[in-house]
Amino acid sequence: MSYGIKNVFASLPQIERGVSKVFGGDPKGNNFLYTNGKSVIIRNVEDHSRFVNCVRFSPDGNRFASSSADGQIFIYDGKTAEKICALGGTKAHDGGIYAISWSPDSTQLLSSSGDKTAKIWDVAANSVVTTFTFGTEVMDQQLGCLWQKDWLLSLSLSGYINYLDKNNPSRPLRIIKGHSKSIQCMTVHKNDGRSYIYTGSHDGHINYWDSQTGENDTFSGKGHTNQVSSMAVDELNQLVSCSMDDTLRYTSIIKKEYSPQDAVKMDVQPKCVAVGSGGYTVALCIGRIVLLKDKKKCFSIDDPGYEPESVAINPAGSTVAVGGADKKVHLYSIQGNTLKSEEKALEAKGLVTGLAYSHDGTHLAVCDAQKLVTVFNVANGYEEENCFYGHHAKVVCIAWSPDNEHFASGGMDMMVFIWTLKDPDKRLKIPDAHRLHHISSLAWLDEHTLVTVSHDACVKEWTISFK
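What this report covers is the structure whose coordinates are included nearby. Computed from a predicted structure; not experimentally measured.

Rules behind the numbers
Residues numbered from 1 in each chain as written. Predicted model: local features only at pLDDT ≥ 70, side-chain atom pairs only at ≥ 80, totals over all residues. Heavy atoms only, no water. Helix = DSSP H or I, 4+ residues; strand = E, 2+ residues; numbered from the N terminus. Buried < 20%, exposed > 50% of the residue type's maximum accessible area, 1.4 Å probe, protein only. Contact = heavy atoms within 4.5 Å. Areas by Shrake-Rupley, 256 points an atom, 1.4 Å probe, with all protein chains shown as cover. Lys, Arg positive; Asp, Glu negative; His and termini not counted. Charge placed at Lys NZ, Arg CZ, Asp CG, Glu CD. Salt bridge = Lys/Arg side-chain N within 4 Å of Asp/Glu carboxyl O. Polar contact = N/O pair within 3.5 Å; in protein donor to acceptor, adjacent residues only side chain to side chain. Pairing = 2+ DSSP bridges. Axes fitted to C-alpha atoms, helices over the stretch in contact; angles between N-to-C directions.

**Notes on the overall build of the protein**
- Looking only at helices and strands, one finds zero helices and 43 strands in the protein.
- Expressed along its principal axes, the backbone C-alpha trace of the protein runs to roughly 85 × 45 × 40 Å.
- The 467 residues of the protein split such that 57% are buried.
- Of the contacts made within the protein by residues no fewer than 6 positions apart, 42% connect residues no fewer than 24 positions apart.
- Put simply, the protein shows about 20300 Å² of open surface, and 46% of that area lies on carbon and sulfur atoms.
- Each charge sign in the protein was given a centre, from 47 positive and 52 negative side chains, and these centres are 4 Å apart.

Structure below.
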């Protein structure tokens, strides 16, 4: 077996609010440390009244500009540091100015502000050429900007990167809406012949990605307000997600719009969901197992006798497997509007961190905190079939390939393993799959394409070959 990286859908990059040749000012904006190309000069000025957020030299080196939380932009001589002018007079923006960037020809300046606008300035004329507007929400504040050749970018507090359009200042050419916080969960689904990746992050945002192009967007409306912990797509093309805001949401992946009517308030914080046929959803909450049918709570086990941690529903039947902190997998059956215990528990080696049924329902793979993956044969009464060793730390997620012969696991060791069901020794290791953080979730787009996400806020596609 072999692997290769296919696509990396990176999280939103940080636009550096740094300096070119000017190295900064003190909190009161009184001292600038800069260079004239031969020596370092400390220039004492008393122009800004609040913190200086950004200082940048023009590309030709003749001038430099400073922007501040006081809403002002000052232009200085690049050699003497003498002040030339204040753009816009007493105020360049109605809010703090967090970033500035010069045009390549050094004649204009782009500024981004907490007043939710960005502006292009004609420096010589000391006038505004264009004002870009971004909305009225707090998250529309502009914190960074970049003028690179013909491209103008501005970074919103939401983490979105806006490609500015001089001909239409109220509508960006493009908005990149990747995650700016750690990705906690993921699922995949095909819609109109195209494969999409759905990801949920620590700040409550859900993004959907075109697996071929990497283009992504978010659902419209107001969604979760806290960490998205788990998600799955049901047979009605609804994304079922649970969050630390104590809600389950059913969001149409066709309409791509949050609906207040499709949010189910839970009595206890939910942490994991699984969907089955017939409109069933099983949600694990702290100390509770809840069964929902057609988006309504219909049954709950309020004290199962253990702390439920992970859940899966057999796609070939009505059996629900619940992994617990007691190092066991407990089996239940959906009977009408109730969950009935089958009085059977499978032994794991540690706290159960994840489990998944194969697509044909014949096997159940269980991963645990003791670095082990165990596969049980469903047809043989959930008899233990094989154990898979290789991870150096807790295994946190697991997913079956559509061929039902291979499955993948991801761990706290930042490694991904591709396992062969019939031969535990036949495995493929992807070390440092996400080098900065552990794998938080994974899923298969097809038999040869695996998707992984991590707390590094990146989505990666891997091409897997079994030759």
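Moving on from the coordinates now.
**Digging into the pattern of salt bridges**
- Following the criterion strictly, the structure yields twelve salt bridges and no others.
- The partner of Asp47 in a salt bridge is Lys83, and the shortest N-O contact between them spans 3.5 Å. Highlighted residues: Asp47 in the loop between strand E4 (40–44) and strand E5 (52–57) and Lys83 in strand E8 (residues 83–87), separated in sequence by 36 residues.
- Assessed through its relative accessible area of 21%, Asp47 is described here as partly exposed.
- Overall, the relative accessible area of 43% leaves Lys83 in the partly exposed class.
- Of the charged contacts, one joins Glu307 and Lys271 as a salt bridge, the two residues approaching to 2.6 Å between their closest N and O atoms. Here Glu307 is found in the loop between strand E28 (296–301) and strand E29 (308–313), whereas its partner Lys271 is found in strand E25 (residues 270–275), with 36 residues between them in sequence.
- Judged by its relative accessible area of 22%, Lys271 is partly exposed.

**As for the environment of Asp165**
- For Asp165, the location among the structural elements is in the loop between strand E15 (161–163) and strand E16 (174–176).
- Measuring from C-alpha to C-alpha, the distance between Asp165 and Phe376 comes to 57 Å, with 211 residues separating the pair along the chain.
- Setting aside anything within four residues of it in sequence, one finds Asp165 in contact with Phe132, Arg171 and Leu173.
- Reaching out from Asp165, the side chain makes a polar contact with the backbone nitrogen of Asn167 at a distance of 3.0 Å.

**Thoughts on the sheet that holds strand E14 (residues 151–156)**
- Here four strands make up an open sheet; going across it, the order is E13-E14-E15-E16 and the pairing antiparallel. Edge strands, defined here as strands with exactly one partner in the open sheet, are strand E13 (142–148) and E16. Taking each pair of neighbouring strands and ignoring which way they run, the sheet shows an average axis angle of 20 degrees.
- Pairing of E13 with E14 involves six bridges; the strand directions are antiparallel. Note on E14: the bridge partner recorded for Leu146 is Leu153.

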